[in-house]
Each structure stands twice: as C-alpha cells, then as structure tokens.
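# Descriptive structure summary
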Amino acid sequence: MAVTVQDVYDFLQEKAPFALQMDFDNAGFLVGRSDRQVNRILVSLDITQPVIQEAKERAAQLIVAHHPVIWGGAKSVTDQTVTGRNLLDLIENYISAICAHTNLDAVAGGVNDALALKLGLSEIGQLHQDGTDERGRPYGIGRTGLVPRQNLYDFAQAVKQLLGAHGVRLVDGGKPVHKVAVGGGACGSMLADAIAMGCDTFVTSDIKYDGFLDAKALGINLIDAGHFPTENVVCPVLQDWLAQRFPQLTVSVSQCHHEVFSYL
C-alpha cells in the first residue's frame, strides 16, 4: 500500500503529538503536499542546502527534521534569503518537510531520552514534567539518571566522545559525578530544576556566561556539550521509528549534516 506524507505525519503525531510543542515553536508539516507518495525519507537535525542536495541525490520525497525549516515566520519566499532559498529548493524538487521540535524534546523516547541513554544513564526519570498528553502519557523537557560515581573530567571526556562533540565547556561544582541531569539543546534555564532534583551534574548546551557563574556558586557541575551533539542523538531514533512503522520505505539519516563550527 502506498505511503503518503500525511501517513508519516499521522504516525509522528502519535509518537510526539505536535500539540505538545512550546508556544514559540513552529513544528509540524511545513512544506509540501499531504497526498504526495513517499518511497524514501531523509532524517536530519536541520534542513540546510547540503541536506536538501543530499535528499535530491537520494531521491527522497520527504525530509523529517528536528529544527523547523520555517522559523519566526516567512513574509516572502524568494532567493534573497536563506529560508527562501531552502523553501524554493524543497518545493521546486517536490520534497516535503515535517519538523518535530519541542514536542520531540518532551515525549518519552524523544531527544532527552536518547541523550540520557547515549550517555549511559540508568534509572532515567523526568527532570521536569510539563503535563500529560491526551493518552495520559507524561511529557516534559529534560531527564535525570545515574552513572557510576566518577571524576568530573573523566565524565566530561566521555560525554565529548560519546556525542562526537568537537569540545565541551565545563564548570567544576566541586562534586563527583553520580546523579546527572540532561537537557538536549538550549536548556540552561533548567539549572534550578537540576539542583532541585538533587543532581550533582547537568549536561546541556548554549550556556551563557552567567549560567556558568551560577553553577559555580551553587555547587553543581555544568557541562555544555553543544547544541548539535546533544540533539543529533535523536536522528537514529527517528530513523528507527519510521523504518519499523513503514518497512516498505527507505529511511536514511543524513551523512552530510555535521556540527557547523570547530574548536581551535
């Protein structure tokens, strides 16, 4: 039986309801025709020109991404802006786009569970529960869990290697690592939640200067492992979800999309 873009959207709606996205977000079915038949899907953290080119080379009819390809609204679609060029390239090549963002951050099995599992956490629980969905399933950003007690710098080195990060920034809160909070992407505002949950260490990204100062003063280890590395862990999860639900499709993870910057 033929699979359409709408079928894929409906499945993702079941796994990570789009109604759970935060108010500022723009997750959902963003580009294309819902009745377009799908044979190949490309999964990526972002939809960039190289990713679109890869989709064309793979003859993919659909890109499923984490970050929305339209952000903050688009008042025009022309080749004069990055967003406009991306949208034109998608539309002109009949490639649809579905983006699951903060809804995928919050649900069970999504970004934060993937991050916790990647870092080897056990006894995983929610860092902050925002509510329950229509099926009564709890959801919320961030996770907590346990690792064998260890030195902060050994743990930070493991985080860097496991996530494939080019580097990490960290503050030593003066405690060994044992109970860890994780927040994929920019979750620095949840430092107080990590402390309230009794965590000695918080792994997230995009920490501002004052966030590091606060962590030092409050005695919690803080590791900034980068936005891309802490969220890209969800791409293999999406691939697995889609491949299991639609075994007749070819589902690939982008091989060209990587961290955009390097460290010296």
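Attention here is on the structure that accompanies the text. Quantities reported herein were computed from a predicted structural model and do not represent experimental measurements.

## So, the overall build of the protein chain
Within the protein chain, the secondary structure is distributed over ten helices and 15 strands. Here the C-alpha radius of gyration of the protein chain, 19 Å, is about what a compact globule of 264 residues would show, namely 18 Å. Burial statistics for the protein chain: of 264 residues in total, 50% are counted as buried. Put simply, of all contacts in the protein chain between residues at least 6 apart along the chain, 66% involve residues at least 24 apart. For the protein chain, the exposed area adds up to about 12,600 Å²; of that, 51% sits on carbon and sulfur atoms.

## Remarks on the pattern of salt bridges
Summed over all chains, the structure comprises five salt bridges. Residue Asp113 pairs with Arg143 through a salt bridge whose shortest N-O separation is 3.1 Å. Remark: Arg143 occurs in strand 10 (residues 143-150) and Asp113 occurs in helix 5 (residues 111-118); sequence separation between them is 30 residues. Comparing Asp113 with Arg143, the two get one shared label, buried. Among the salt bridges present, the one from Arg169 reaches Asp224, with a minimum N-O distance of 2.7 Å. Of this pair, Arg169 sits in strand 11 (residues 169-171) while Asp224 is found in strand 14 (residues 221-224), placing the two residues 55 residues apart along the sequence. For Asp224, a relative accessible area of 5% translates into the label buried.

## Here's the deal with a nonpolar patch on the surface
A cluster of nonpolar side chains, contributed by Met22, Phe24 and Trp71, occupies part of the molecular surface with about 330 Å² of accessible area. Along the polypeptide, Met22 turns up in the loop between helix 1 (5-15) and strand 2 (28-31).

## With respect to the pairing of strand 13 (residues 201-204)
Of the two faces of strand 13, the one lined by Thr201 and Val203 and the one lined by Phe202 and Thr204 are each fully buried. Between strand 12 (residues 177-182) and its parallel partner strand 13, the chain crosses via helix 7 (residues 191-196), and the hand of that crossover is right-handed. In the sheet, strand 13 pairs with strand 14 via four bridges, with the strands oriented parallel. Bridge pairing links Val203 to Ile223 in strand 14.

## Considerations on the sheet that holds strand 12
Adjacent strands of a sheet pair through backbone hydrogen bonds, lying either parallel or antiparallel. An order of 7-10-12-13-14-11 is seen for the six strands of this open sheet, with the pairing classed as mixed. Sheet topology places strand 7 (122-126) and strand 11 at the edges, where each strand pairs with a single neighbour. Taking the axes of each pair of neighbouring strands and ignoring which way they run, one obtains an average angle of 20° across the sheet. Examined bridge by bridge, strand 7 and strand 10 share three bridges and lie antiparallel to one another. Paired with Gly125 across the strands is Thr144, a residue of strand 10. The strands touched by helix 6 (residues 152-163) are strand 10, strand 11, strand 12, strand 13 and strand 14; relative to strand 14, the strand with the most contacts, the crossing angle is about 20°. Contacts between helix 8 (residues 209-218) and the sheet are confined to strand 11 and strand 14, with strand 11 contributing the most and set at about 35° to the helix.

## Some details on the nonpolar core
Judged by nonpolar contacts, the single largest core of 48 residues is most densely connected at Val8, Leu12, Ile41, Leu104, Phe202 and Leu242. Those elements that place two or more of their residues in this core are helix 1, strand 4 (40-44), strand 5 (62-65), helix 4 (102-106), helix 7, helix 8, helix 10 (234-245) and strand 15 (250-253). Residues in contact with Val8, not counting those within four places in the same chain, are Val3, Ile41, Leu62, Val64, Ile98, Leu242 and Phe246. Among the nonpolar cores identified, the runner-up in size contains 18 residues, and Leu119, Val147, Ala156 and Val203 belong to it.

## Some words on the side chain of Asn221
Considering the arrangement of structural elements, one finds Asn221 in strand 14. Assessed through its relative accessible area of 0%, Asn221 is described here as buried. In this structure the side chain of Asn221 is engaged in a polar contact, spanning 2.9 Å, whose partner is the backbone oxygen of Lys175. Each residue touching Asn221, except ones within four places of it in the same chain, is listed here: Leu152, Val171, Asp172, Gly173, Gly174, Lys175, Pro176, Val177, Asp200, Thr201 and Phe202.

## Here's the deal with the sheet that holds strand 2
Read across the sheet, five strands follow the order 2-6-5-4-15 without closing on themselves; strand pairing throughout is mixed. The sheet is open, and its two edges are formed by strand 2 and strand 15, each paired on a single side. Taken pair by pair, the neighbouring strands of this sheet meet at an average axis angle of 25°, ignoring direction. Bridge count between strand 4 and strand 5: four bridges; the pairing is parallel. Across the sheet, Ile41 pairs through a bridge with Leu62, a residue of strand 5. Strands in contact with helix 10 are strand 4, strand 5 and strand 15; relative to strand 15, the strand with the most contacts, it is inclined by about 175°.

Reading the values: the criteria
Residues numbered from 1 in each chain as written. Predicted model: local features only at pLDDT ≥ 70, side-chain atom pairs only at ≥ 80, totals over all residues. Heavy atoms only, no water. Helix = DSSP H or I, 4+ residues; strand = E, 2+ residues; numbered from the N terminus. Rg over C-alpha atoms; globule rule 2.2 N^0.38 Å. Buried < 20%, exposed > 50% of the residue type's maximum accessible area, 1.4 Å probe, protein only. Contact = heavy atoms within 4.5 Å. Areas by Shrake-Rupley, 256 points an atom, 1.4 Å probe, with all protein chains shown as cover. Salt bridge = Lys/Arg side-chain N within 4 Å of Asp/Glu carboxyl O. Patch = residues over 30% accessible without salt bridge, like charges linked within 9 Å, V, L, I, M, F, W, Y side chains within 5 Å. Right-handed = clockwise from strand over helix to strand, strands pointing away. Pairing = 2+ DSSP bridges. Axes fitted to C-alpha atoms, helices over the stretch in contact; angles between N-to-C directions. Core = buried A, V, L, I, M, F, W, Y, C linked by side-chain atoms within 4.5 Å. Polar contact = N/O pair within 3.5 Å; in protein donor to acceptor, adjacent residues only side chain to side chain.

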